[in-house]
Amino acid sequence: MKNITLNDVHNALGAKMVPFAGFNMPVQYEGVNAEHQTVRTGVGVFDVSHMGEFFVKGKGALDLIQKVTSNDASTLVDGRAQYSCMPNGKGGIIDDLIIYKIADENYMLVVNASNIDKDWQWINQHNTFGAILENCSDQYSLLAIQGPKAVEAMQSLTQINLAAIPFYHFTIGDFAGIPQVIISATGYTGSGGFEVYVKNEDAQKLWDKVFEAGKSYGIKPIGLAARDTLRLEMGYCLYGNDIDDTTSPLEAGLGWITKFTKDFIDTDFLKKQKEAGVTRKLIAFEMKEKAIPRHDYQIVDADGNVIGKVTSGTMSPSLGIGIGLGYVPIQYASVGSEIFIQIRNKNIPAKVVKLPFYKKD
């Protein structure tokens, strides 16, 4: 089990540490609901240093990225980020990731911690373009500073106008007295904010400066449990739950990152699937009664026939109702359809809804 650079800081703060994706990670501090509300209404900091960072450089960089990812990275300009996924050659998904274009022939790929080794092998396997690959995952720390007060709370730490960084853009510059910091606005919570990438040796300084600057704004450390409830309220997919090697991007509602303007791994398969129409779909649902849907609970029809299973589920801290995602046959996927979640041998009614669950006022 690996430790992230600030492991001792989290232990000193009384975080509950759990094994996650091969790392000891802070899952919660004061409690999921309180931490969730901190991010929805104020500012909170996630240490997500377990994420992987690959740099792809050289003349073949874009060609390689175009081959292994489903979105069209040729549309990226310097300082722009793009959400994408890597198809696995069998219609499923190796991983979802964010592609950062730093400059021509210079990209950073941010991948999920649990898939670092798998992704690295896969990208290298398909590097017939002579691209230069660097796995810098063990060298970087990453803080996600999230919430409606994040920009205001952190502005004193940099000359860069944080409010001027649009969604899915990034900049590189001085932050908290640290040079060459990558500051991006790709958020996974739906409450605004940004992410800060620094070398491990600068992680402690960054943490201290961030909490000093945010003190008067009520800044707090936030664990992975609240990260999960926040992203689920937005309907954002979590790899290993809602997408994996058995789910196609079209089934997962990720047709918008699947671009047939280029050739990539699984182009033909996914084109045919799009033309024929998917037979199942990832749906969002809300419970009609007070009940909490959990991962792997069965989804059944009105007659009790199993039609799918819950991929992600929780009691929404913002809405006070049970919410979830799951795959069902296409005939049950329309908004307004009634389905049932099997909870302790009872079939509890739920309805299919449109995402996101949480909508800002």
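Under an unreviewed UniProt entry, the name given to the chain is Aminomethyltransferase, and the organism recorded is Capnocytophaga catalasegens. Recorded in UniProt for the chain, the comment headed Function (unreviewed entry) runs: "The glycine cleavage system catalyzes the degradation of glycine."

**Some points on the pairing of strand 3 (residues 23-28)**
In this sheet, strand 3 lies alongside strand 1 (residues 2-3) in parallel orientation, the contact comprising 2 bridges. Each residue of the ladder has a partner; that of Asn-3, found in strand 3, is Asn-24. Pairing of strand 2 (residues 16-20) with strand 3 involves 5 bridges; the strand directions are antiparallel. Note that in strand 3 the partner of Phe-20 across the bridge is Phe-23. Hairpin geometry of strand 2 and strand 3 is characterised by an intervening segment of 2 residues between the two adjacent antiparallel strands and by a positive phi of about 55° at Ala-21.

**Description of the pattern of salt bridges**
Under the counting rule described, the total for this entry stands at 12 salt bridges. Residue Lys-2 is joined to Asp-138 by a salt bridge in which the shortest nitrogen-to-oxygen separation is 3.3 Å. Taken together, the positions of Lys-2 in strand 1 and Asp-138 in the loop between strand 9 (132-135) and strand 10 (140-146) put the pair 136 residues apart, joining distant regions of the chain. As a salt-bridge pair, Arg-40 and Glu-233 come within 2.9 Å of each other at their nearest N and O atoms. Of this pair, Arg-40 sits in helix 2 (residues 32-41) while Glu-233 is found in helix 7 (residues 224-234), placing the two residues 193 residues apart along the sequence. Residue Arg-40 is classed as buried on the basis of its relative accessible area, which comes to 7%. Overall, the relative accessible area of 0% leaves Glu-233 in the buried class. Within this structure, Asp-78, Lys-101 and Asp-104 form a network of salt bridges that share partners.

**Quick notes on the UniProt feature "binding site: substrate" (unreviewed entry) in the chain**
UniProt's entry tags Glu-195 with the feature "binding site: substrate" (unreviewed entry), counted in the numbering of this structure. One can find Glu-195 in strand 13 (residues 193-199). Accessibility expressed as a relative area gives 6% for Glu-195, which makes it buried. Dropping the residues within four chain positions of it, Glu-195 is found in contact with Tyr-100, Leu-142, Leu-143, Ala-144, Gln-146, Ile-182, Ile-183, Ser-184, Ala-185, Thr-186 and Gly-187.

**Some words on the packing of helix 2 against helix 7**
Following both chains from N to C, one finds helix 2 and helix 7 inclined at 55°, their axes separated by 8 Å at the closest point. Taken as axis vectors, helix 2 and helix 7 run oblique relative to one another. Crossing handedness for the pair helix 2 and helix 7: right-handed. Between helix 2 and helix 7, the residues in contact are Val-32, Glu-35, His-36, Val-39 and Arg-40 and Ala-225, Ala-226, Thr-229, Leu-230, Glu-233 and Met-234, respectively. When the residues that make up the contact of helix 2 with helix 7 are grouped by side-chain class, the tally is 6 nonpolar, 2 polar and 3 charged.

Here is what the cut-offs are and how they apply
Residues numbered from 1 in each chain as written. Predicted model: local features only at pLDDT ≥ 70, side-chain atom pairs only at ≥ 80, totals over all residues. Heavy atoms only, no water. UniProt positions renumbered as here; feature names shortened; annotations may be inferred. Pairing = 2+ DSSP bridges. Helix = DSSP H or I, 4+ residues; strand = E, 2+ residues; numbered from the N terminus. Salt bridge = Lys/Arg side-chain N within 4 Å of Asp/Glu carboxyl O. Buried < 20%, exposed > 50% of the residue type's maximum accessible area, 1.4 Å probe, protein only. Contact = heavy atoms within 4.5 Å. Axes fitted to C-alpha atoms, helices over the stretch in contact; angles between N-to-C directions. Parallel < 35°, antiparallel > 145°, perpendicular 65-115°, else oblique. Left-handed = near helix turned anticlockwise from the far one by under 90°. Nonpolar A, V, L, I, M, F, W, Y, C, P; charged D, E, K, R; others polar.

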